[in-house]
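Spelled out from the first residue to the last, the chains are:
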Amino acid sequence: MSLETNKPSFGVLDGVKVVYAAVELAAPKACDLMADWGADVVWLENTGAGDTIRDTAWVKQAERRNQRSVALNYFSDEGKEVLFKLIKEADIFIEASKGGTWAKKGITDEVLWAINPKLVIVHVSGFGQTGDPEVVKRAAYDLTVMAYSGYMSQNGTPDQPMNPGPYAGDYFNTLMILSSCLAALYRAEKTGKGESIDLAMFETLLAIGQYYLVDYLNDDIIWPRPGARNQNLCAIGEYKCADGFIGLCVYGVDQNKYLLECIGLGHLWGSEHIPEDTSGLWLSNPHAEEIESKLEEYCLTRNRRAIEEDFAAHRIAAQVVLEFPDLVKEEHFKAREVWLDWETEDGQTFHGLNVFPRFKNNPGQVWRPLPRHGQDSADVLSKLGYTNEQISELAGNNVVKLG
């Protein structure tokens, strides 16, 4: 695949221009999604080693497609001039750093709005732009914001909290970054006035983790870490079968009745503790331990696909836990064209994922692969009005790097 310099017209975000300065994973993935949906995305990398995602073997190809790489020292005086010219034409600017970093460098919201009053600005940090100064200035990674937010404490076994992977804290924040900046863009288009978003990653995780948090806030309840099962209900979780694992979510009157019959406990249906209108088999039920034990025995003696087929036929949510080799064989994936191959910049075939979700009238597409570090610096600067001589001078002064 050749690296086209002019983005073709496609997608629901066609015409939207995005500039971002961030390294893996949360903010760049939000920009990756916007690029897949048709936005024109400029990826600002430093002039040293570039984005740390370049150290990965394959992820860089998947998560930096459809973008232009400009290697720029944006905190230098000459670099700021380039940045401001990019900002003048942009709709959205996203930066990820410790709280207050850009303001300390003289690049405040007010400075950017003086250049582009409609600009949507997203400041992504672990702990926010304001608050306790000692916390605000901390470095943040997926794991540390998970720990700080209390989300990690809800996952793992009773003896050991565990961080959900892969990098769920980053990718949860990806969706918050994406949704908040598009909401702000809608308002900016309506009013002509830009917006600045202080997106603290730990707050996103607080919001996502509030399901059980509010039980504590209002009733001092702390549910135990569930391991592979649900915190408070039977027959919900991951169960070992004769040939692998299955995920079960047994809930509902008919579903509970059928489950009990399958595992040899049908006589409990309609009893004192499990009346005939029971929709949830709570762990507080005196029969809970027996139900879990019988269900485990039932699964261990049967193949996972057989359980899945039978339970699904009886409207029980049951799904085999697919391993990677299972995924590539799954017929439903193939029927929905989940997989997509494209050619990398060096002419190799890359196997990855298609564009999600699926827009019927304005579908997304892959129009270019991962660029080399700074590969688009000269092209983007020339379109901003810089001459070849000026670009060469900026490169000589390490303001830009030419890929």
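Quick notes on the rules
- Residues numbered from 1 in each chain as written.
- Predicted model: local features only at pLDDT ≥ 70, side-chain atom pairs only at ≥ 80, totals over all residues.
- Heavy atoms only, no water.
- Salt bridge = Lys/Arg side-chain N within 4 Å of Asp/Glu carboxyl O.
- Helix = DSSP H or I, 4+ residues; strand = E, 2+ residues; numbered from the N terminus.
- Buried < 20%, exposed > 50% of the residue type's maximum accessible area, 1.4 Å probe, protein only.
- Pairing = 2+ DSSP bridges.
- Contact = heavy atoms within 4.5 Å.
- Axes fitted to C-alpha atoms, helices over the stretch in contact; angles between N-to-C directions.
- Patch = residues over 30% accessible without salt bridge, like charges linked within 9 Å, V, L, I, M, F, W, Y side chains within 5 Å.
- Areas by Shrake-Rupley, 256 points an atom, 1.4 Å probe, with all protein chains shown as cover.
- Expected span 1.5 Å × (residues − 1).
- Arc of directions from axis to C-beta.
- Polar contact = N/O pair within 3.5 Å; in protein donor to acceptor, adjacent residues only side chain to side chain.
- Phe/Tyr/Trp six-rings, centres within 6.5 Å; stacked < 30°, edge-to-face > 60°.

(A) Layout of the pattern of salt bridges. Tallied over the entire structure, the rule returns 21 salt bridges. A salt bridge links R68 to D40, with the shortest nitrogen-to-oxygen separation between them at 3.0 Å. A residue pair is termed long-range when its members are at least 10 positions apart, and R68 in strand β3 (residues 67-72) and D40 in strand β2 (residues 40-45) qualify at 28 residues. Here R68 falls in the buried class, since its relative accessible area comes to 6%. D40 sits in the buried class, given a relative accessible area of 19%.

(B) Region of the structure containing the sheet that holds strand β8 (residues 195-200). Spatially, β8-β5-β4-β1-β2-β3-β14 is the arrangement adopted by the seven strands of the open sheet, whose pairing is mixed. Only two strands of the sheet have a single partner each, and these edge strands are β8 and β14 (400-401). Strand contacts of helix α9 (residues 201-208): β5 (120-125) and β8, with the helix running at about 70° to β8, the strand carrying the most contacts.

(C) Quick peek at the pairing of strand β11 (residues 317-320). Burial of β11 is one-sided: the residues A318 and V320 facing one way are buried, the residues A317 and Q319 facing the other way are not. One ladder, built from four bridges, connects strand β10 (residues 244-249) with β11; its direction is antiparallel. Counted as the bridge partner of C249 is A317 from β11.

(D) The arrangement of a nonpolar patch on the surface in detail. Nonpolar side chains collect at one region of the surface, where V214, Y216, L217 and I222 lie side by side and expose about 410 Å² of accessible area between them. Relative to the helices and strands, V214 is located in helix α10 (residues 210-219).

(E) Here's a closer look at the sheet that holds strand β9 (residues 236-241). Strand order in the open sheet formed by three strands is β9-β10-β11, with antiparallel pairing between adjacent strands. In this open sheet, the two edge strands, each paired with only one partner strand, are β9 and β11. Across this sheet, the average inter-strand angle for adjacent strands is 25°, counted without regard to direction. Seen against the sheet, helix α12 (residues 288-300) touches β9 and β10 and runs at an angle of roughly 40° to β9.

(F) Region of interest: α12. Counted at 1.5 Å a residue, the expected span for α12 with its 13 residues is 18 Å, and the 18 Å between its end C-alpha atoms agrees. Restricting attention to buried positions, one finds in α12 the residues A288, I291, E292, L295, Y298 and C299. Along α12, the residues classed as buried sweep out an arc of 125° about the axis, all on the same side. Packed against the buried residues of α12 are β9, β10, α11 (253-262) and α13 (304-313).

(G) Highlighting the side chain of E63. Tracing the chain through its elements places E63 in helix α2 (residues 59-63). Of the polar contacts made by the side chain of E63, one reaches the side chain of Y171; its length is 2.9 Å. Look past the residues within four positions of E63 in its chain and what remains in contact with it is L25, K29, D32, I53 and Y171.

(H) Broad picture of the packing of aromatic side chains. Here the structure, examined in full by the defined rule, presents 16 aromatic pairs. Centroid distance Y74 to W102: 5.0 Å. Interplanar angle 20°. Geometry classified as stacked. On the criterion of sequence distance, the pair formed by Y74 in the loop between β3 and α3 (77-89) and W102 in helix α4 (residues 101-104) is long-range, its members being 28 residues apart. Looking at W102, the relative accessible area reads 4%, which means it is buried. Centre to centre, the rings of Y258 and F311 are 6.3 Å apart; their planes meet at 80°, and the pair counts as edge-to-face. Of this pair, Y258 sits in helix α11 while F311 sits in helix α13; the two residues are 53 residues apart in sequence, bridging distant segments of the chain. Judged on exposure class, the residue Y258 and its partner F311 are both buried. Taken together, the ring pairs connect Y74, F75, F93 and W102 into an aromatic cluster.

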